[in-house]
Amino acid sequence: MADYTQVKFPVRVPAIVSSQSPTIQSKLTLYVLLFSVVFGVLFSAIQLRLDYQQGQEKFHSDLNNVLHHQSGQLSLALQQYHSEAIQAMFEGIMLNESIIAVEVEDELSGYIQHRGMPSEELLQPPDYIGAYETGLMGTTYTSDGLEKIGTLRVWVDKRLAQRDFHSRAAVISAIEVARAVVLALVLVFVLRLRLVSPLRNLTEKIRGLNPENSLTTTLEDHSNLRELEDLVAKINSLLASIEIEMQRRRQAEKRARYLNDKLEEKVRARTKELKDSNSQLQTSIDELQRTQQLLLQAQRMASLGHLAAGIAHEINNPVAVVYSNIATLSEYTTELIELADQFQLIESTITDEAIRQSLSTMRKAIDLDFVREDAPDLVKASQSSLERVRNIVAELKTFAIQEGQAKRTADLFELMQQAVTELKLEEDDRIRLDINMSGIPKVDCVTGQIRLAFRHILDNARDAIPAEGRIEIAAAQLDDKVQVVVKDSGEGMDAEVLACAINPFYTNKEIGKGTGLGLTVAFNVMMNHGGSLDISSVLGSGTTITFTIPIVG
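Residues numbered from 1 in each chain as written. Predicted model: local features only at pLDDT ≥ 70, side-chain atom pairs only at ≥ 80, totals over all residues. Heavy atoms only, no water.

**Student:** Tell me about the pairing of strand S2 (residues 112-116), and name the residues and values.
**Tutor:** Across five bridges, strand S1 (residues 99-106) lies against S2 in antiparallel orientation. Bridging across to S2, Ala 101 finds its partner in Gly 116. (Pairing = 2+ DSSP bridges. Helix = DSSP H or I, 4+ residues; strand = E, 2+ residues; numbered from the N terminus.)

Here's what the structure looks like:
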């Protein structure tokens, strides 16, 4: 089956949304004003630069004219050392307000006349003060021309010389900037009227289009601008194409949604089928694994049963002989002790001192008193150990149904009561016993084996309760089987112990207290009867044993 994916076509025309971005009108106004002001200032700067150069040239020309005009008269006055005439001429020169000091110096005598700012301040003048000088010529000719008789020096404050220029430059700059701004505003007005307004109207019309309905609206332009007319025509063409494409995509989306719904319905149905099949398959696998484990355990226990039954048979005969001989040995020991006691009674009648002494020494050597006390205990201990061996042999025989142990119909409640009586559980003050086994049918079983299995489980439950506790027994019919549940409130088992619980001779009881065959025997009895034995336990929370016994074996 091909893979399908629901397809959605997001058909949208990008809307013209007002945002924080500046509009074309504000941008156009800003750019026109900016460029107008910049170019106005630039042109003003060029004009002012030219005016400044012309002003500087005129200032130097005027200064040179003044110096040249005054140099002749100053030469005559200097030759005559006429101080008043020199000072009068200085006064005329300093009528120019930019000249702050005048000085004349005789080349031969060092005669100096000075007027204006003190000479000390002019030794290191500021940058804005400039010094100019010209030579004063006499009336005598030399090989190089007229003889130089002195020097005329003039100090000029450039700030005062440029003061008129600065004020004139400010006025000119303001006029140029104002003119640029006025021209820019006129240009902005014209652009807004002829370009921005038609564009704004076109934008509003486009913004008013609703892409969810239809884009068949035709845009119109009345600006009589060829570029805008071409733009409107192109937009109308694009809107028509978008409308056609939107209709196609709506139809495709509707078709895809329909197919997707059908596909999802099929996928859900198929997924449900797969889940059901997977659940059934998993159940079958779990049941198969459980059956396999049971079969493996049954085969292992069957092999072990044949081996155990053979060993039990072989051990049973020597044990019976030893048990019989121990009984006979006990009788012999008793008789020998009685004979020794009789010899001790008649020992006083023996007249031969040597014989009496020999008998006394012999009695002390064999420690007859200790033998008399210890021999019966040894015999009893041996008989008890042999009895334990006989019980182990009897339990090993449960690994296979022996001849003479035919099944018969029995009441499980009666067998449980017999096991309780044999263990004297009802007489144990530590144990609270609750039995609820009414209403269950009788089953075909080997009664001795079932009772033995019950007794082992009840004995383990009692041993698992360290102080006071409770044992609960319940039974119920489950289809063609009967389940018997024995639950105790004992110490319970962890996972490691639980995994080894049914292994033969495995026990966590004290040495000599258990054989390690209780759960093994119970498990084997259930296998012999075609049933099962389930164990669940939590450390610290007790153990639950479940017997499952077929009604008809």
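**Student:** Kindly report on the packing of aromatic side chains, identifying the contributing residues and their values.
**Tutor:** Two descriptors summarise a pair of aromatic rings, namely the distance from one centre to the other and the angle between the planes of the rings. Tallied over the full model, the rule gives two aromatic pairs. An angle of 90° between the planes, with centres 5.2 Å apart, marks the rings of Tyr 81 and Tyr 111 as edge-to-face. Placement of the pair is Tyr 81 in the loop between helix H1 (24-79) and helix H2 (83-93) and Tyr 111 in the loop between S1 and S2, with a sequence separation of 30 residues. Between Phe 454 and Phe 547, the ring centres sit 5.1 Å apart and the planes meet at 80°, which makes this aromatic pair edge-to-face. On the criterion of sequence distance, the pair formed by Phe 454 in helix H9 (residues 447-464) and Phe 547 in strand S11 (residues 542-550) is long-range, its members being 93 residues apart. Side by side, Phe 454 and Phe 547 carry an identical accessibility label, which is buried. (Phe/Tyr/Trp six-rings, centres within 6.5 Å; stacked < 30°, edge-to-face > 60°. Buried < 20%, exposed > 50% of the residue type's maximum accessible area, 1.4 Å probe, protein only.)

**Student:** Explain the pattern of salt bridges to me, and be specific about the residues and the numbers.
**Tutor:** Going through the model one piece at a time under the given rule, you end up with 15 salt bridges. The residue Glu 245 makes a salt bridge to Arg 249 at a minimum N-O spacing of 3.1 Å. Pair noted here: Glu 245 and Arg 249 are both in helix H5 (residues 226-346), with a separation of four residues, about one helical turn. Between Arg 257 and Glu 253 there is a salt bridge, and its shortest N-O distance comes to 2.8 Å. One end of the pair is Arg 257 and the other is Glu 253, both in helix H5 and four residues apart, which spans about a single turn. Judged by its relative accessible area of 35%, Arg 257 is partly exposed. (Salt bridge = Lys/Arg side-chain N within 4 Å of Asp/Glu carboxyl O.)

**Student:** Lay out H2 with the relevant residues and their values.
**Tutor:** Along an α-helix, residues three or four positions apart point the same way, because every turn accommodates 3.6 residues. If you check which residues of H2 are buried, you get Ile 86, Met 89, Phe 90 and Ile 93. Down the axis of H2, the smallest arc covering the buried residues is 105°, so these residues share one side. (Arc of directions from axis to C-beta.)

**Student:** Describe the packing of helix H8 (residues 412-423) against H9, and please don't skip the residues or the numbers.
**Tutor:** Pairs of packed helices are described in terms of their axes, by the angle between the two and the distance that separates them. Contact pair H8 / H9: the axes reach a minimum separation of 9 Å and the direction vectors enclose 50°. The orientation of H8 with respect to H9, classified from their angle, is oblique. In the packing of H8 onto H9, the handedness of the crossing is right-handed. Side by side, H8 and H9 meet where Leu 412, Leu 415, Met 416, Gln 418, Ala 419, Val 420, Glu 422 and Leu 423 of the first sit next to Thr 447, Ile 450, Arg 451, Phe 454, Arg 455, Leu 458, Asp 459 and Arg 462 of the second. When its residues are assigned to classes, the contact of H8 with H9 shows nine nonpolar, two polar and five charged. (Axes fitted to C-alpha atoms, helices over the stretch in contact; angles between N-to-C directions. Parallel < 35°, antiparallel > 145°, perpendicular 65-115°, else oblique. Left-handed = near helix turned anticlockwise from the far one by under 90°. Contact = heavy atoms within 4.5 Å. Nonpolar A, V, L, I, M, F, W, Y, C, P; charged D, E, K, R; others polar.)

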